[in-house]
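The lines below spell out each chain.
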Amino acid sequence: LPKCRVNFRGKKLGGLIVLGLCEPVLYFLGEQYGLVYTNSSFSGIMIAMIPVVAILAAIPVLHEKPTVRQLLFCLLSISGVIVLALQNSSSGAIQPVGVLILLIAVFSAAAYSINNRRLSQTFTAFERAYFMMLIGCIFFPIVALIRHANDPMALIAPFQEPRFLLSLIYLSTISSGLAYTL
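Residues numbered from 1 in each chain as written. Predicted model: local features only at pLDDT ≥ 70, side-chain atom pairs only at ≥ 80, totals over all residues. Heavy atoms only, no water.

Draft legend 1. Seen up close, the pattern of salt bridges. Counted under the stated rule, the structure contains two salt bridges. The partner of K11 in a salt bridge is E127, and the shortest N-O contact between them spans 3.1 Å. Of this pair, K11 sits in the segment before α1 (14–37) while E127 sits in helix α6 (residues 125–147); the two residues are 116 residues apart in sequence, bridging distant segments of the chain. Owing to a relative accessible area of 26%, K11 belongs among the partly exposed residues under this scheme. Among the ionic pairs, R117 bridges to E64, the shortest N-O distance being 3.6 Å. One end of the pair, R117, is in helix α5 (residues 96–119); the other, E64, is in the loop between α3 (50–62) and α4 (68–87), and 53 residues separate them in sequence. On the accessibility criterion, E64 (34% relative accessible area) is partly exposed. (Salt bridge = Lys/Arg side-chain N within 4 Å of Asp/Glu carboxyl O. Helix = DSSP H or I, 4+ residues; strand = E, 2+ residues; numbered from the N terminus. Buried < 20%, exposed > 50% of the residue type's maximum accessible area, 1.4 Å probe, protein only.)

Shown next as structure tokens:
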């Protein structure tokens, strides 16, 4: 098990703030609203570009040279998504604003990947995941409060649904907390 201690004393938190803004804030907003303005097939293709963008961005930023194996697996994953998308193309228009919003998700995920590797020298995996979750716990409730300022009951209504609670537990613990820590 990784160390589950948080110690930010004497460490510069600027990189962690950028990490938390890239993911979950910008990535989740970009993915969510990108899906509103495009179809799911196109969104899948765009999201599949994240590893390629991350590898290409790591060349000038981290001075890493991708291996042939890395490049082949990136191309393999993208081609797989394209084949599946072409076979199961969903209906729905692709609006230019959706493409731009999905690009925000792609570039923020690539920035997260690079920044995360850089911060691994200073912060443990648990500290990075903890800080990201903290930023998400601050940012998204504020957005919800702003969106539902005229109807505060809309904020607590979902908590009455067992399916919502199960989804919340899964997404917060396994899908986010555990996955980011690992």
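Draft legend 2. Examining the environment of L103 more closely. Within the element layout of this structure, L103 appears in helix α5. With a relative accessible area of 29%, L103 lands in the partly exposed category. Through-space distance from the C-alpha of L103 to that of E31 is 8.9 Å; in sequence the pair is 72 residues apart.

Draft legend 3. The arrangement of the packing of helix α2 (residues 40–47) against α5 in detail. Between α2 and α5, the least distance of the axes is 9 Å, while the angle of their chain directions is 35°. As for how α2 packs across α5, the hand of that crossing is right-handed. Facing F42, S43, M46 and I47 of α2, the residues of α5 in contact are V99, L102, L103, A105 and V106. Residues belonging to the contact of α2 with α5 are distributed by class as follows: eight nonpolar, one polar and no charged. (Axes fitted to C-alpha atoms, helices over the stretch in contact; angles between N-to-C directions. Left-handed = near helix turned anticlockwise from the far one by under 90°. Contact = heavy atoms within 4.5 Å. Nonpolar A, V, L, I, M, F, W, Y, C, P; charged D, E, K, R; others polar.)

Draft legend 4. Looking closely at the packing of aromatic side chains. According to the stated counting rule, one finds eight aromatic pairs in the structure shown. Between the aromatic rings of F28 and F140, the centroid separation amounts to 6.5 Å while the plane-to-plane angle is 40°, which identifies the pairing as tilted. Taken together, the residues F28 in helix α1 and F140 in helix α6 connect sequence positions 112 residues apart. What makes F28 partly exposed here is its relative accessible area of 32%. When the centroid spacing of 6.3 Å and the interplanar angle of 35° are considered together, the rings of F126 and Y130 count as tilted. (Phe/Tyr/Trp six-rings, centres within 6.5 Å; stacked < 30°, edge-to-face > 60°.)

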